[in-house]
Amino acid sequence: MTEEFDDAQKQWLQGFVSGIEARKAADKLAARAPGVPGGQSAGQPLGPDALQHAAQDRTVAAGGKLVAEETAKRARHPLDRWDELVGRAEAGQFPKGTDVFLTKYHGLFYVAPAENSFMCRLRIPNGILNAWQMRGLADAADAFGGGYADVTTRANLQIREIPAPAAVDLLLAVQDLGLTARGSGADNIRNITGSPTAGIDPQELYDTRPLCRAMHHYILNHREMYGLPRKFNIAFDGGGRVPVLEDTNDIGFVATEVTGGDGFEPGIYFRLQLGGITGHLDFAFETGILLKPEECVTVAGAVVRAFAIHGDRTNRQKARLKYVIDRMGRDAFVAEVEKEHGAKLRRAAGAHVTPRALADKHGHIGVHVQKQPGLNYLGLVLPVGRITSEQMRGIAEIAQRFGSGTIRFTVWQNLLISDVADRDVGICIAAIAALGLGVEASAIRRGLVACTGNAGCKFAAANTKGHALKLADYLEMRLALDTPINIHLTGCHHSCAQHYVGDIGLIAARVERGEESVEGYHVFIGGGAASTAEQAMAREYATSVAYDELPPLLERLLAGYLAYRESAAESFFQFCRRHEITALRELAESAPVPALAA
């Protein structure tokens, strides 16, 4: 009978019959294990969670003890708990115990005792929204939250102050906008970041938007991408002017031009970087692998699977990708990635690679010419990343009326409005000013980054956002800085504001003062990322500084920089790296009082 079919039809029929036989075999295997829920034997996990369950089984077989989070994930997958979310919302209840952790799989974070409410973190691939989505999120923030949103350091949005009864309504409102919060927290892959000026940057090598979109949907449609040993970060850098801090991610893809070489076809490739986690003092390392753009997403999937197989499920402090690589060795881990990928990966040896054009960590603020003639993008400063619902609607109106309706968030907690015609730049700036925002800022505020702090996070030891704004006010009144300075305030060891890569990094701490303890910070200086010229972990400058003593300490430090830098062209990063810490302290103490302070 098969003689009546052509070759394509025969191939399809063979695959169809094979699929039927495979399902029959799976049913028989399940029937042999009636004592295990779902018919799944402990020795051979089946189904979409088989990869994660097998990794857990190996841990136990080797004598390890799963942490509570792993046991909770195994009992019932968090993504299968929608009915529980609905039930709690109807009862007006917040989760308790391990349910707090499991609820994060749906993007809901119960942030008590900081606030007796939920925070919802979204997924916005490449950090890009449409104007109508921005309006819809503003409406959702008003109806179900606190009437504002926070831009995160993953070019994402968080809505806060969500009461228990409104949790599911908020998630549905987000989904109605074509967005999702699925997997935005807990042991999952966080928001996929890409170059904020993708597609409009005159110096970019590759538009990262399609790759971020493809990676986003790959994750949403592959169950094995969930339930990892810990959280996971992926970033795509297209080689444009505005950096995306890809070297701080578990996987970093960096667009690179190859002009030729032994066995290399000229074109744009991506360098593969692995293992970045600056909160643990490591940048991603160069694997020496070059990928074609169409290979990036599937290779990322292979990296994640290798991490899921070999990650530590007994110790949450050692469960990130960095520690897998440290334990196995770089070459051995790459070999595991190739095993999961099913093929050897292309080595860069012999390729003629063009160095990356310089990135500018302050390049997103202000008015900038696009590669499209006659069009511009406007970089807005958001005070420590916070934006009210009224401002969200206003930005959406400006973007739609004078641009393409596109709004782009950055990892610096600010945003861009793109595709504004030359003739409309002035009126856009005036409209932005009417919202209480601007496209220009002082050298202090251009690079001011702060995590949520103890006003909305139970882990934070200080009010980072409030302190950041007061610190900026103080320094602006006393210093005439002519070069932007990045100041990053983070509330705890999770380092959400990445204090180790700021010019000045502040991590909150409780400081003993007599019989009391007050909010304060440890101070680190001279950090940088996203550029080989400024890639370094900040060094410790001062410890346990009470907040009321911090502004004058930083004033003296910056006064020392202004007084003793080699020239106006020397950045604060370069100044710090040129001196030992003891010398920097001495220069700060001997610096003349700034004219503004006098």
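What counts and what doesn't
Residues numbered from 1 in each chain as written. Predicted model: local features only at pLDDT ≥ 70, side-chain atom pairs only at ≥ 80, totals over all residues. Heavy atoms only, no water. Helix = DSSP H or I, 4+ residues; strand = E, 2+ residues; numbered from the N terminus. Rg over C-alpha atoms; globule rule 2.2 N^0.38 Å. Buried < 20%, exposed > 50% of the residue type's maximum accessible area, 1.4 Å probe, protein only. Contact = heavy atoms within 4.5 Å. Areas by Shrake-Rupley, 256 points an atom, 1.4 Å probe, with all protein chains shown as cover. Lys, Arg positive; Asp, Glu negative; His and termini not counted. Charge placed at Lys NZ, Arg CZ, Asp CG, Glu CD. Polar contact = N/O pair within 3.5 Å; in protein donor to acceptor, adjacent residues only side chain to side chain. Pairing = 2+ DSSP bridges. Axes fitted to C-alpha atoms, helices over the stretch in contact; angles between N-to-C directions. Core = buried A, V, L, I, M, F, W, Y, C linked by side-chain atoms within 4.5 Å. Expected span 1.5 Å × (residues − 1). Phe/Tyr/Trp six-rings, centres within 6.5 Å; stacked < 30°, edge-to-face > 60°. Lys NZ or Arg CZ within 6 Å of the ring centre and 35° of its normal. Arc of directions from axis to C-beta.

### Considerations on the overall build of the protein chain
Item 1. When you go through the protein chain residue by residue, the secondary structure sums to 17 helices and 21 strands.
Item 2. Here the C-alpha radius of gyration of the protein chain, 25 Å, is about what a compact globule of 598 residues would show, namely 25 Å.
Item 3. Classification of the 598 residues of the protein chain by burial places 57% in the buried group.
Item 4. Sequence-distant contacts, at least 24 apart, represent 68% of the contacts inside the protein chain between residues at least 6 apart.
Item 5. Of the accessible surface of the protein chain, which amounts to about 24,500 Å², a share of 52% is contributed by carbon and sulfur atoms.
Item 6. The averaged location of the 69 negative side-chain charges in the protein chain is 4 Å from the averaged location of its 63 positive side-chain charges.

### Examining the side chain of Gln52
Item 1. With respect to the secondary-structure elements, Gln52 resides in helix α2 (residues 50–61).
Item 2. Here the side chain of Gln52 touches Arg313 through a polar contact of 2.6 Å, side chain to side chain.
Item 3. Discounting residues that sit within four places of it in the chain, Gln52 has contacts with Glu224, Tyr226, Gly227, Leu228, Ala308 and Arg313.

### A short note on the sheet that holds strand β5 (residues 157–162)
Item 1. With antiparallel pairing, 5 strands are arranged side by side in an open sheet as β1-β2-β5-β4-β14. A strand with exactly one partner marks an edge of an open sheet, and here the two such strands are β1 (108–110) and β14 (386–388). For this sheet, the mean inter-axis angle between neighbouring strands, taken without regard to orientation, is 30 degrees.
Item 2. Relative to β14, strand β4 (residues 148–151) runs antiparallel, the two sharing 3 bridges. Bridge pairing in β14 links Tyr148 to Thr388.
Item 3. Relative to the sheet, helix α6 (residues 131–144) contacts β4, β5 and β14, its axis offset from that of β5 by approximately 20 degrees.
Item 4. Contacting β4, β5 and β14, helix α12 (residues 389–402) crosses the sheet at an angle of about 85 degrees to β14.

### Quick word on the pairing of strand β18 (residues 486–490)
Item 1. For β18, the tally of buried residues reaches 5 of 5 residues, placing the bulk of the element in the interior.
Item 2. The side-chain alternation of β18 yields two buried faces, one formed by Asn486, His488 and Thr490 and the other by Ile487 and Leu489.
Item 3. Relative to β18, strand β17 (residues 447–450) runs parallel, the two being bridged by 4 bridges. When the bridges of β18 are listed, Leu448 appears paired with Ile487.
Item 4. Looking at chain direction, β18 and strand β19 (residues 504–513) are connected through 4 bridges and run parallel.

### Some points on the nonpolar core
Item 1. Within the largest apolar cluster, 73 residues are counted, with the highest numbers of intra-cluster contacts made by Met134, Leu137, Leu157, Ile395, Phe409 and Leu415.
Item 2. Discounting residues that sit within four places of it in the chain, Met134 has contacts with Leu129, Ile387, Met392, Ile395, Ala396, Ile407, Phe409 and Leu415.
Item 3. Within the second largest apolar cluster, 47 residues are counted, among which are Ile251, Leu321, Ile325 and Leu345.

### Notes on the environment of Gly350
Item 1. Inspection of the secondary structure assignment puts Gly350 in the loop between α11 (330–341) and β11 (351–353).
Item 2. For Gly350 and Ala166, which are 184 residues apart along the polypeptide, the C-alpha to C-alpha distance reads 58 Å.
Item 3. Ignoring anything within four residues of it in the chain, the contact list for Gly350 reads Gly260, Gly261, Asp262 and Phe264.

### What about unusual backbone geometry?
Item 1. Residue Pro113 follows Ala112 across a cis peptide bond; omega there is 5 degrees.
Item 2. Within the secondary structure, Pro113 sits in the loop between β1 and β2 (118–121).
Item 3. A positive phi is found at Ala155, a non-glycine position, where the angle reads about 50 degrees.
Item 4. Turning to its location among the elements, Ala155 is positioned in the loop between β4 and β5.
Item 5. A relative accessible area of 3% means that Ala155 is categorised as buried.
Item 6. In this structure, Leu281 takes a positive phi of about 65 degrees despite not being glycine.
Item 7. Considering the arrangement of structural elements, one finds Leu281 in the loop between β9 (267–274) and β10 (285–291).

### Re α6
Item 1. Between its first and last C-alpha, α6 extends 20 Å over 14 residues, near the 20 Å set by a 1.5 Å rise per residue.
Item 2. Listed as buried for α6 are Ala131, Gln133, Met134, Gly136, Leu137, Ala138, Ala140 and Ala141.

### Structural notes on the pairing of strand β15 (residues 406–409)
Item 1. Across the two faces of β15 the burial is the same, with Thr406 and Arg408 and Ile407 and Phe409 all buried.
Item 2. As defined by bridge partners, strand β3 (residues 128–130) adjoins β15 across 3 bridges and the pair is classed as antiparallel. The partner of Leu129 across the bridge, within β15, is Ile407.
Item 3. In the sheet, β15 pairs with strand β16 (residues 415–421) via 3 bridges, with the strands oriented antiparallel. Across the sheet, the residue bridging to Ile407 is Ile417, located in β16.
Item 4. In sequence, β15 turns back onto β16 through a hairpin of 5 residues, with Gln413 there showing a positive phi of about 65 degrees.

### A closer look at the packing of aromatic side chains
Item 1. Applying the stated rule across the entire model yields 12 aromatic pairs.
Item 2. Taken together, a centroid distance of 4.4 Å and an interplanar angle of 15 degrees make the contact between Phe94 and Tyr110 stacked. Here Tyr110 lies in strand β1 and Phe94 lies in the loop between α4 (82–91) and α5 (98–103), a separation of 16 residues in the sequence.
Item 3. The interplanar angle of 40 degrees and the centroid separation of 5.3 Å between the aromatic rings of Phe232 and Phe307 together place this pair among those described as tilted. Here Phe232 is found in the loop between α8 (209–220) and β7 (234–237), whereas its partner Phe307 is found in helix α9 (residues 296–310), with 75 residues between them in sequence.
Item 4. Connected via pairs of aromatic rings, a cluster forms that spans Phe94, Tyr110 and Phe118.
Item 5. Over the ring of Tyr226 we find Arg182; its NZ or CZ atom is 5.9 Å from the centre of that ring.
Item 6. In this structure, Arg585 is placed above the aromatic ring of Tyr541, and the distance from its NZ or CZ to the ring centre is 5.8 Å.

### Thoughts on helix α3 (residues 68–75)
Item 1. Within α3, the full set of buried residues consists of Glu70, Ala72 and Lys73. One face of α3 carries all of its buried residues, which in axial projection span an arc of 160 degrees.
Item 2. Looking at the buried side of α3, the elements it contacts are α2 and α5.

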